[in-house]
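# Chains, contacts and geometry: an overview
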Amino acid sequence: MTHLRLTRQQIETMVGLSYESAPREACGLLTGQDEQVQCVLVAENIAADRGRYEINPEQLGGMLASMKQDGRDLLGIWHSHPGADARPSSTDSSQAFYPQTVYVIISVPREGNPRNFGPVLSGLGIDYAGDPGPAVLRGHLCTEAGGGWREVPLLT
Ligand SMILES: [Zn+2]
C-alpha cells in the first residue's frame, strides 16, 4: 500500500476521539477497499496502562467478522499518542501483528478537549490546529511483524 485515502469527516472522528480520550489512548480499525477507507471503527481500549492501547479482543473479533461479511478489508489500525509524537513506539513495534496494514497514529496534547479544531496543513500526514493544542496524524505501513515501518501519505 502506497497511501491511505480518508474523508475529512473520518479524520475528524479520529482526532475528536483522540482529544476526548486523553490522557488515555483512543483506538480502532480502518476498513475499506483498495486504499479507500470506508469505515472508521471505534474500539474499547482495555489496556490497564495509560500509555498503551489494547483493543477489546471480543470486540475485535466481531469487527473483523462483520468487515468480512461486508466485503471490506482491514486497511489500518488507528490509535492516539497523548503527549507524544505520531511515530510508532517500541511497544507499537512489538505489538505490530498486522503486516501490510497502515498504523495511523494521532498525536494530541496530554490534556484538554477543544471545541473547535481544523486542518492547517496537508503533507505526508495531516495536521490540525486546536485549542489547547495541535493534533498531528501520520500513517506508518507495517512492513514486517514486530516493527518494520514505512511512512505513507494520508490523503483526503
Ligand atoms: Zn502507540
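This brings us to the pairing of strand E7 (residues 126-130). Only one face of E7 is buried, namely the one carrying Ile126, Tyr128 and Gly130, since none of Asp127 and Ala129 on the opposite face is buried. Sheet analysis places E7 next to strand E8 (residues 135-144), joined by three bridges and oriented antiparallel. The partner of isoleucine 126 across the bridge, within E8, is leucine 137. Between E7 and E8, which pair antiparallel and follow one another directly, the connecting turn spans four residues.

The subject of this paragraph is the nonpolar core. With 35 residues, the main nonpolar core has Val104, Ile106 and Leu137 as its most contacted residues. Broken down by secondary-structure element, the contributors of at least two residues to this core are helix H1 (8-21), strand E2 (27-33), strand E3 (36-43), strand E4 (73-82), strand E5 (102-108), E7 and E8. At six residues, E5 tops the list of elements feeding residues into this core. Ignoring sequence-local partners within four residues, the contact set of valine 104 consists of Leu30, Gly76, Trp78, Leu137, Gly139 and Leu154.

Mean pLDDT over the protein works out to 91, with 97% of the residues at or above the 70 mark. Predicted confidence in the protein is weakest over strand E6 (residues 117-122), with a mean pLDDT of 68, and strongest over E2, with 98.

Now for the pairing of strand E9 (residues 148-152). Pairing of E8 with E9 involves five bridges; the strand directions are antiparallel. Its bridge partner lying in E9, leucine 141 is registered against arginine 150. Linking E8 back to E9 in an antiparallel pair, the connection comprises three residues, with glycine 146 at a positive phi of about 95°.

Between its terminal C-alpha atoms H1 stretches 20 Å, which fits the 20 Å expected from 14 residues at 1.5 Å a residue. Three or more residues of H1 are buried, namely Ile11, Met14, Val15, Ser18 and Tyr19. One side of H1 holds all its buried residues, which, seen down the axis, span an arc of 135°. With respect to the buried face of H1, the exposed residues turned more than 90 degrees away are Gln9 and Glu20.

The rules behind the values
Residues numbered from 1 in each chain as written. Predicted model: local features only at pLDDT ≥ 70, side-chain atom pairs only at ≥ 80, totals over all residues. Buried ≥ 20, exposed ≤ 12 C-beta atoms within 10 Å, placed from the backbone. Helix = DSSP H or I, 4+ residues; strand = E, 2+ residues; numbered from the N terminus. Pairing = 2+ DSSP bridges. Core = buried A, V, L, I, M, F, W, Y, C linked by C-beta atoms within 7 Å. Contact = placed C-beta atoms within 7 Å. pLDDT = per-residue confidence, 0-100. Expected span 1.5 Å × (residues − 1). Arc of directions from axis to C-beta.

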